[in-house]
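# Coordinates in review
Below, each chain spelled out in residue letters.
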Amino acid sequence: MTRRAILLLALLLWLPAGPAAAHKPSDAYLTLRLDGTTVEGQWDIALRDLEHAIGLDADGDGAITWRELAGRESAVAAYAVARLTVTEAGASCLLAPRRLLVDEHTDGAYAVLQFTADCPAGAADFAIDYRLFADLDPLHRGLLRVEDRGLTRTAVLGPEAPGFTFARGTRPSLSGQAWAYVQDGFRHILLGYDHVLFLLTLLLPAVVLRADGGWRPVGAFAPAALDVAKIVTAFTLAHSLTLALATLHLVDLPSRLVESAIAATIVLAALNNLHPVVTRRMWLLAFGFGLVHGLGFAGALAALGLPRQAFLWSLLAFNLGIELGQLAIVVLFLPVAYVYRTAPLYPPLVLRAGSCAIIGLGGFWLVSRVLPAGLPG
């Protein structure tokens, strides 16, 4: 195989396969409600992650039942509580698990651990140290939401940034919260495999032109870059619109329907690469499908939560993070694709074979999201 063919194959394999059944990598959702000396907590942790960490599937049949989860309730509580430290004025709060429930998220079933934390009275300095799955998954993140006397604070915690400290009763910094949402928007687009895959599907034919039933390379970089700018701008405008509408609760669709529709947009966009129906004004396709993806972004933002005292700024910051992530994808992909657009293997290997691989993965996501999920037994 020639060096050029190897590089083209590497470009194809760079398409994010990711976890096949998941929209996103490992996430958990931690909510703390502060009321005097008592803290009410709820921790949503994916069953698939707990299975990897402590084992839940007792009979090894690949399905975790409620009976199996209930039988490991004490182990789940012990594992989680040992990896969360809450301190007030330097003194540790005593964490006490209350009960274990189950909830369904867009990416599968989650254990819901409810607990309380008894903290010193009258203290102001509050700190959280989050170590869940730190030794197992460097990409895991905990989406923290703290409700304190009408104020809401949010943070994204993980192995690289496990700590969060604040003074109770004080208004959080607007700039600090905005920067946190920029970072989370950036992470979401880069680690949201289906969004990345959709964008790359639109970028694959950006450096070639349809002619005489085949493909020929574009003559210059500027026209290709301009077409990509139109596509990305249309996608941005569309998902920004539905992100805002959904966040304001003016549009509210079931998450399973939204996630299934996102998978369908990936399949349809890849099919258009193989059997072009839309060959010009690809930005129209990006805009139409971008409306669907905006609802998916809204689901991720809802999981993190928007503070009432800085709603607009947080929404804009999250969207800015998404745009920066999209720009990073374009900057990484487009110049490489342009360099190798004239290679004989680009249309069959990168464009066609790549689109076929995308159809397979998108189709798998679609089926897995359409089929009902739950805990039998």
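Keep in mind that what you see is a predicted model, and the values were worked out from it rather than measured. (Residues numbered from 1 in each chain as written. Predicted model: local features only at pLDDT ≥ 70, side-chain atom pairs only at ≥ 80, totals over all residues. Heavy atoms only, no water.)

Let's shift gears to the overall build of the protein. Per the secondary structure count, the protein includes 11 helices and 12 strands. The buried share of the protein, reckoned over its 377 residues, is 50%. Excluding contacts between residues fewer than 6 apart, the proportion of contacts in the protein whose partners are at least 24 apart in sequence is 75%. On the protein, roughly 16900 Å² of surface is accessible, and the fraction owed to carbon and sulfur atoms is 63%. (Helix = DSSP H or I, 4+ residues; strand = E, 2+ residues; numbered from the N terminus. Buried < 20%, exposed > 50% of the residue type's maximum accessible area, 1.4 Å probe, protein only. Contact = heavy atoms within 4.5 Å. Areas by Shrake-Rupley, 256 points an atom, 1.4 Å probe, with all protein chains shown as cover.)

Their axes nearest at 11 Å, the elements helix H6 (residues 193-203) and helix H10 (residues 311-339) cross at an angle of 40 degrees. The orientation of H6 with respect to H10, classified from their angle, is oblique. Our pair here, H6 against H10, has a crossing hand that is right-handed. On the side of H6, the interface is formed by Val-196, Leu-199, Leu-200 and Leu-203, while H10 contributes Gln-326, Ile-329, Val-330 and Phe-333. Looking at the contact of H6 with H10 residue by residue, the class counts come to seven nonpolar, one polar and no charged. (Axes fitted to C-alpha atoms, helices over the stretch in contact; angles between N-to-C directions. Parallel < 35°, antiparallel > 145°, perpendicular 65-115°, else oblique. Left-handed = near helix turned anticlockwise from the far one by under 90°. Nonpolar A, V, L, I, M, F, W, Y, C, P; charged D, E, K, R; others polar.)

With that out of the way, let us pick up a nonpolar patch on the surface. A grouping of Leu-174, Leu-312, Trp-313 and Leu-316 is seen on the molecular surface, where their side chains present a nonpolar patch of about 430 Å² in accessible area. If one sorts the elements of the nonpolar patch by residue count, H10 sits on top with three residues. Within the element layout of this structure, Leu-316 appears in helix H10. (Patch = residues over 30% accessible without salt bridge, like charges linked within 9 Å, V, L, I, M, F, W, Y side chains within 5 Å. Salt bridge = Lys/Arg side-chain N within 4 Å of Asp/Glu carboxyl O.)

The nonpolar side chains of a soluble globular protein tend to be buried with one another. Leu-202, Leu-203 and Tyr-346 are the most contacted members of the largest nonpolar core, which has 56 residues in total. Listed by contribution, the elements that provide at least two residues to this core are helix H5 (174-191), H6, helix H7 (221-247), helix H8 (255-274), helix H9 (282-304), H10 and helix H11 (346-370). Looking at this core element by element, the count peaks at 10 residues for H10. In contact with Leu-202, other than residues within four places in its own chain, are Ile-231, Ala-269, Met-282, Leu-285 and Ala-286. Core analysis: the next-biggest nonpolar cluster, separate from the first, contains 38 residues, Leu-30, Val-39, Val-76 and Leu-132 among them. (Core = buried A, V, L, I, M, F, W, Y, C linked by side-chain atoms within 4.5 Å.)

Strand order across the open sheet formed by four strands is E4-E3-E7-E10, with antiparallel pairing between neighbours. Among the strands making up the open sheet, the edge pair consists of strand E4 (91-92) and strand E10 (163-167). Both strand E3 (residues 84-88) and E4 contribute to a ladder of two bridges, which runs antiparallel. Bridge pairing in E4 places Glu-88 opposite Ala-91. (Pairing = 2+ DSSP bridges.)

Let us now look at the environment of Val-258. With respect to the secondary-structure elements, Val-258 resides in helix H8. Judged by relative accessible area, which is 8%, Val-258 ranks as buried. The sequence separation of Val-258 and Gly-296 amounts to 38 residues, and the corresponding C-alpha distance is 6.3 Å.

Turning to unusual backbone geometry, a few remarks are in order. Glycine aside, the phi torsion of most residues is negative, and most peptide linkages are trans. Unusually for a residue other than glycine, Ala-89 sits at a positive phi of about 55 degrees. As for its placement among the helices and strands, Ala-89 is situated in the loop between E3 and E4. A positive phi angle, close to 60 degrees, is found at Phe-133, a residue other than glycine. Position of Phe-133 among the secondary structure elements: in the loop between strand E7 (125-130) and strand E8 (141-148).

Quick look at the confidence of the model for the protein now. Across the protein, the average pLDDT comes to 83, with 88% of residues at or above 70. No element of the protein has a lower mean pLDDT than helix H1 (residues 3-13), which averages 48, and none a higher one than helix H4 (residues 73-81), which averages 95. (pLDDT = per-residue confidence, 0-100.)

Quick look at the environment of Pro-217 now. Of note, Pro-217 is situated in strand E12 (residues 214-217). Distance in space between the C-alpha atoms of Pro-217 and Ala-206 is 9.3 Å, their sequence separation being 11 residues. Once you skip the residues sitting within four places of it in the chain, Pro-217 turns out to touch Val-207, Val-208, Arg-341 and Thr-342.

Turning our attention to the side chain of Thr-31. Mapped onto the elements, Thr-31 comes out in strand E1 (residues 27-35). Beyond its immediate chain neighbours, meaning those up to four positions away, Thr-31 contacts Glu-40, Gly-41, Gln-42 and Arg-145.

Before going further, it helps to examine the packing of aromatic side chains. A complete count under the given rule lists eight aromatic pairs for this structure. The interplanar angle of 40 degrees and the centroid separation of 5.4 Å between the aromatic rings of Phe-198 and Phe-235 together place this pair among those described as tilted. A residue pair is termed long-range when its members are at least 10 positions apart, and Phe-198 in helix H6 and Phe-235 in helix H7 qualify at 37 residues. There is no split in this pair, since Phe-198 and Phe-235 are both buried. Measuring from ring centre to ring centre gives 5.9 Å for Phe-198 and Phe-289, while their planes differ by 65 degrees; the resulting arrangement is edge-to-face. In this pair, Phe-198 is assigned in helix H6 and Phe-289 in helix H9, connecting sequence segments 91 residues apart. Taking relative accessible area as the criterion, Phe-289 reaches 17% and is therefore assigned buried. An aromatic cluster is built from Phe-126, Phe-164 and Phe-166, whose rings are joined through pairwise contacts. The ring of Tyr-79 carries Arg-83 above its face, with NZ or CZ at 3.8 Å from the centroid. (Phe/Tyr/Trp six-rings, centres within 6.5 Å; stacked < 30°, edge-to-face > 60°. Lys NZ or Arg CZ within 6 Å of the ring centre and 35° of its normal.)

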